[in-house]
Amino acid sequence: MSLKQQIDNDIKKAMLAKNKEELEALRSIKSLILLAETEKGGSGDISSDTENKLLVKAAKQRKESADIFTQQGRKDLADKEVFQLDIISRYLPKQLTTEEVEVSLKQIITEVGAKGPQDMGKVMGVATKKLAGQADGKIISELVKKLLAG
């Protein structure tokens, strides 16, 4: 079942349960998918990889918004963003722990034959593709720097 179909089913369930907050979050996800499908030059269908990228971006936006609202003392708005982030997270691939990311990066460094910090670009290119949607790019970058420096 595609992500779009799964979200449509969940929207129906949320409507039947009269769960407004969940319905709003699901509709925002569906809106992202529909926009991507109807984008200029698009074929009408999007790959699961593209769907994951959309979800990761939406999750990141919700997290940043929640942080900003928390800093400004707007707990009501922060809670809403956190709730939407929880809904989006249901559809994201399982996030890897820092230890799991480090193990994967060590394998990638061995595969590409990286020797030091000058090879960071090579490693990052492979790592961002391999770990897409499973780990934050910032964490990957920090770990690659640490591993290549040592």
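Residues numbered from 1 in each chain as written. Predicted model: local features only at pLDDT ≥ 70, side-chain atom pairs only at ≥ 80, totals over all residues. Heavy atoms only, no water.

Quick look at the nonpolar core now. In terms of nonpolar packing, the biggest core is built from 20 residues, with Ile 7, Ile 29, Ile 33, Leu 55, Ile 88 and Tyr 91 touching the most fellow members. Sorting the residues of this core by element identifies α1 (3-16), α2 (20-37), α3 (48-71) and α4 (75-89) as the ones contributing at least two each. A per-element tally of this core places α2 first, with six residues. Residues contacting Ile 29, with those up to four places away along its chain left out, are Ile 7, Leu 55, Ile 87, Ile 88 and Tyr 91. Membership of the second largest hydrophobic core comes to 16 residues, among which are Val 101, Ile 109, Ile 140 and Leu 147. (Core = buried A, V, L, I, M, F, W, Y, C linked by side-chain atoms within 4.5 Å. Buried < 20%, exposed > 50% of the residue type's maximum accessible area, 1.4 Å probe, protein only. Helix = DSSP H or I, 4+ residues; strand = E, 2+ residues; numbered from the N terminus. Contact = heavy atoms within 4.5 Å.)

So, on to the pattern of salt bridges. Proximity of charged atoms lets side chains of opposite charge pair with each other. Applying the stated criterion across every chain, the model contains 13 salt bridges. Salt-bridge contacts for Asp 10 lead to Lys 13; the nearest nitrogen and oxygen are separated by 4.0 Å. With Asp 10 and Lys 13 both in helix α1, this residue pair falls three residues apart, about one helical turn. With a closest N to O distance of 3.6 Å, Lys 122 and Asp 119 form a salt bridge. Residue classification places Asp 119 among the buried positions, given a relative accessible area of 10%. (Salt bridge = Lys/Arg side-chain N within 4 Å of Asp/Glu carboxyl O.)

Here we come to the layout of surface pockets. Reported here for the largest pocket is a volume of approximately 730 Å³. Lining the largest pocket are 25 residues, and of these Val 56, Lys 60, Gln 95, Ala 135 and Asp 136 lie nearest its centre. Listing elements by their share of the lining of the largest pocket, those giving two or more residues are α3, α4 and α7 (137-149). If one sorts the elements of the lining of the largest pocket by residue count, α3 sits on top with ten residues. Of the residues in the lining of the largest pocket, the class split is nine nonpolar, six polar and ten charged. (1 Å grid on protein atoms, 1.4 Å probe; cavity = no way out; pocket = protein on both sides within 12 Å on 5 of 7 lines; lining within 4 Å. Points joined across faces, edges and corners; volume = space filled by probe spheres on them. Nonpolar A, V, L, I, M, F, W, Y, C, P; charged D, E, K, R; others polar.)

What follows concerns the packing of α1 against α2. Here α1 crosses α2 at 150 degrees, and the two axes come no closer than 9 Å. Taken together, the axes of α1 and α2 lie roughly antiparallel to each other. Remark: the crossing between α1 and α2 carries left-handed chirality. Where α1 abuts α2, its residues Leu 3, Lys 4, Ile 7, Asp 8, Asp 10, Ile 11, Ala 14 and Met 15 lie against Glu 22, Leu 23, Leu 26, Arg 27, Ile 29, Lys 30, Ile 33, Leu 34 and Glu 37. Considered class by class, the residues forming the contact of α1 with α2 number ten nonpolar, no polar and seven charged. (Axes fitted to C-alpha atoms, helices over the stretch in contact; angles between N-to-C directions. Parallel < 35°, antiparallel > 145°, perpendicular 65-115°, else oblique. Left-handed = near helix turned anticlockwise from the far one by under 90°.)

On to the side chain of Glu 51, then. Mapped onto the secondary structure, Glu 51 falls in helix α3. Despite its burial, Glu 51 pairs with no opposite charge, the nearest such side chain being Lys 4 at 8.2 Å. (Lys, Arg positive; Asp, Glu negative; His and termini not counted.)

The terminal C-alpha atoms of α2, which comprises 18 residues, lie 25 Å apart, in line with the 26 Å expected from a rise of 1.5 Å per residue. Inspection of α2 places Glu 22, Leu 23, Ala 25, Leu 26, Ile 29, Ile 33, Ala 36 and Glu 37 among the buried residues, and these make up the whole buried set. Angularly, the buried residues of α2 cover 165 degrees about the axis, an arc narrow enough to put them on a single face. Relative to its buried face, α2 has exposed residues pointing more than 90 degrees away, namely Lys 20, Glu 21 and Leu 35. Those residues of α2 hidden inside the fold are in contact with α1, α3 and α4. (Expected span 1.5 Å × (residues − 1). Arc of directions from axis to C-beta.)

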